[in-house]
Amino acid sequence: MKILLLEDDVFLKELLEDHLEQNYEVIGFEDGLDAYEYLYEHKVDLALLDINVPNLKGDELLQKLRDEQNKTPVIFITSNNSSKDVKHGFEIGCDDYIKKPFEFDELDARIEHIKNIYSIDQTITINNFVFDPKKHTVYDEQNLYTLTPKASDILLYLYKNKNKAISKDELIENIWGYDEIPNDATIRSHIRDLRKIFPDNIETIRSVGYVFKQV
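Residues numbered from 1 in each chain as written. Predicted model: local features only at pLDDT ≥ 70, side-chain atom pairs only at ≥ 80, totals over all residues. Heavy atoms only, no water.

Observations concerning unusual backbone geometry
A negative phi holds for most residues other than glycine; trans holds for most peptide bonds.
Okay, so step 1: Looking along the chain, the bond that leaves lysine 100 and enters proline 101 is cis, with omega of -10°.
Okay, so step 2: Position of proline 101 among the secondary structure elements: in the loop between strand E5 (96–99) and helix H5 (104–118).
Okay, so step 3: Of note in the backbone geometry, histidine 136 takes a positive phi value of approximately 60° without being a glycine.
Okay, so step 4: Topologically, histidine 136 is positioned in the loop between strand E7 (129–132) and strand E8 (137–139). (Helix = DSSP H or I, 4+ residues; strand = E, 2+ residues; numbered from the N terminus.)

Thoughts on the sheet that holds strand E11 (residues 202–205)
The pairing of strands in a sheet happens through backbone hydrogen bonds and is either parallel or antiparallel.
Okay, so step 1: Pairing in this open sheet of three strands is antiparallel, and the strands run E10-E12-E11 from one edge to the other. Looking along the sheet, the strands with just one partner apiece sit at the ends: strand E10 (166–167) and E11.
Okay, so step 2: Of the strand pairs in this sheet, E11 and strand E12 (residues 209–212) are connected by four bridges, and their pairing is antiparallel. Following the sheet pairing, glutamate 203 is matched in E12 by valine 211.
Okay, so step 3: Lying on the sheet, helix H6 (residues 149–160) is in contact with E10 and E12; it crosses E12 at an angle near 70°. (Pairing = 2+ DSSP bridges. Contact = heavy atoms within 4.5 Å. Axes fitted to C-alpha atoms, helices over the stretch in contact; angles between N-to-C directions.)

Observations concerning the sheet that holds E8
Okay, so step 1: An order of E6-E7-E8-E9 is seen for the four strands of this open sheet, with the pairing classed as antiparallel. The sheet is open, and its two edges are formed by strand E6 (124–126) and strand E9 (144–146), each paired on a single side. On average, each strand axis in the sheet is inclined to that of its neighbour by 20°, with strand direction left out of account.
Okay, so step 2: Where E6 meets E7, three bridges bridge the pair, whose relative direction is antiparallel.

Here's the deal with the confidence of the model for the protein
Okay, so step 1: On average, residues of the protein score 91 in pLDDT, and 100% of them are at 70 or above.
Okay, so step 2: The spread of mean pLDDT over the elements of the protein runs between E6, the lowest at 86, and strand E3 (residues 46–49), the highest at 96. (pLDDT = per-residue confidence, 0-100.)

Considering helix H2 (residues 32–41)
Okay, so step 1: Inspection of H2 places Gly32, Ala35, Tyr36, Tyr38 and Leu39 among the buried residues, and these make up the whole buried set. The buried residues of H2 occupy an angular sector of 160° when projected down its axis, which confines them to one face. Exposed side of H2, more than 90 degrees from the buried face: Tyr40 and Glu41 are the residues found there.
Okay, so step 2: Structurally, H2 contributes buried residues whose contacts are with strand E1 (2–6), strand E2 (25–29) and helix H3 (58–67).
Okay, so step 3: Where H2 begins, one side-chain oxygen reaches toward the backbone nitrogen of leucine 33, 2.8 Å away; that side chain belongs to aspartate 31. (Buried < 20%, exposed > 50% of the residue type's maximum accessible area, 1.4 Å probe, protein only. Arc of directions from axis to C-beta. Polar contact = N/O pair within 3.5 Å; in protein donor to acceptor, adjacent residues only side chain to side chain.)

As for the nonpolar core
Okay, so step 1: Counting residues in each nonpolar core, the largest one holds 26 residues, and the members touching the most others are Leu155 and Leu171.
Okay, so step 2: Every element with two or more residues in this core is listed here: E6, E7, H6, helix H7 (168–176), helix H8 (184–197) and E12.
Okay, so step 3: Sort the elements by how many residues they give to this core and H6 lands first, with seven residues.
Okay, so step 4: Sequence-distant contacts of leucine 171, that is, excluding residues within four places in its chain, are made with Ile154, Tyr157, Leu158, Ile166, Trp176, Ile187 and Tyr210.
Okay, so step 5: Grouped together as the second largest cluster of nonpolar side chains are 23 residues, Tyr36, Tyr38, Val53 and Phe76 included. (Core = buried A, V, L, I, M, F, W, Y, C linked by side-chain atoms within 4.5 Å.)

See the structure below:
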């Protein structure tokens with residue numbers, strides 16, 4: 001999934017890029033006109049637009065897109081949070097509106113909502129494989145691997161936290177929850193199955209846990 005981010009606050013833009021790039025391809029801009037020129041030539045799956053940006057405001061950019069029949073889903077991220085601002089945003093064609101300041105969890109939830117509404121491809125490309133977390137499959141042109149739901153969840157969690165050592169306790173907390181604690185052999189079995197597909201990506205860190213390395 002490819003996201004265009006328009007945000008002129010450099011610090012916030014970098015924070016958002018770091019967060020979003022864990023799961024998506026992100027193209028960032030600080031200038032509204034630059035963002036418009038990019039969208040004129042390229043397709044993205046979602047645009048996150050601040051309104052108060054230089055040269056072409058976010059709402060003006062959206063108005064131009066809709067006038068040109070560009071139906072790219074748009075979420076406004078802005079401090080303009082009066083009911084009048086929100087009403088205006090929806091009138092000109094935004095799909096959602098998130099008010100600053102906001103938590104990343106809220107942004108993630110709104111992005112997931114847009115993905116579901118528009119049936120945006122939610123697969124992840126890893127090396128030469130395509131990973132579909134919803135169907136629990138990994139495939140390329142010659143091979144199709146069907147994962148167990150738990151193995152799929154582990155792969156997704158490790159991928160989202162790539163290059164970070166993840167302990168067994170962290171996996172249990174986020175994949176199983178403490179009501180159904182697996183034994184070490186169960187976790188090792190899932191990791192072993194994933195490593196058959198991604199031998200160069202998944203490493204065991206002795207006495208720590210596992211890490212997914214992008215190669």
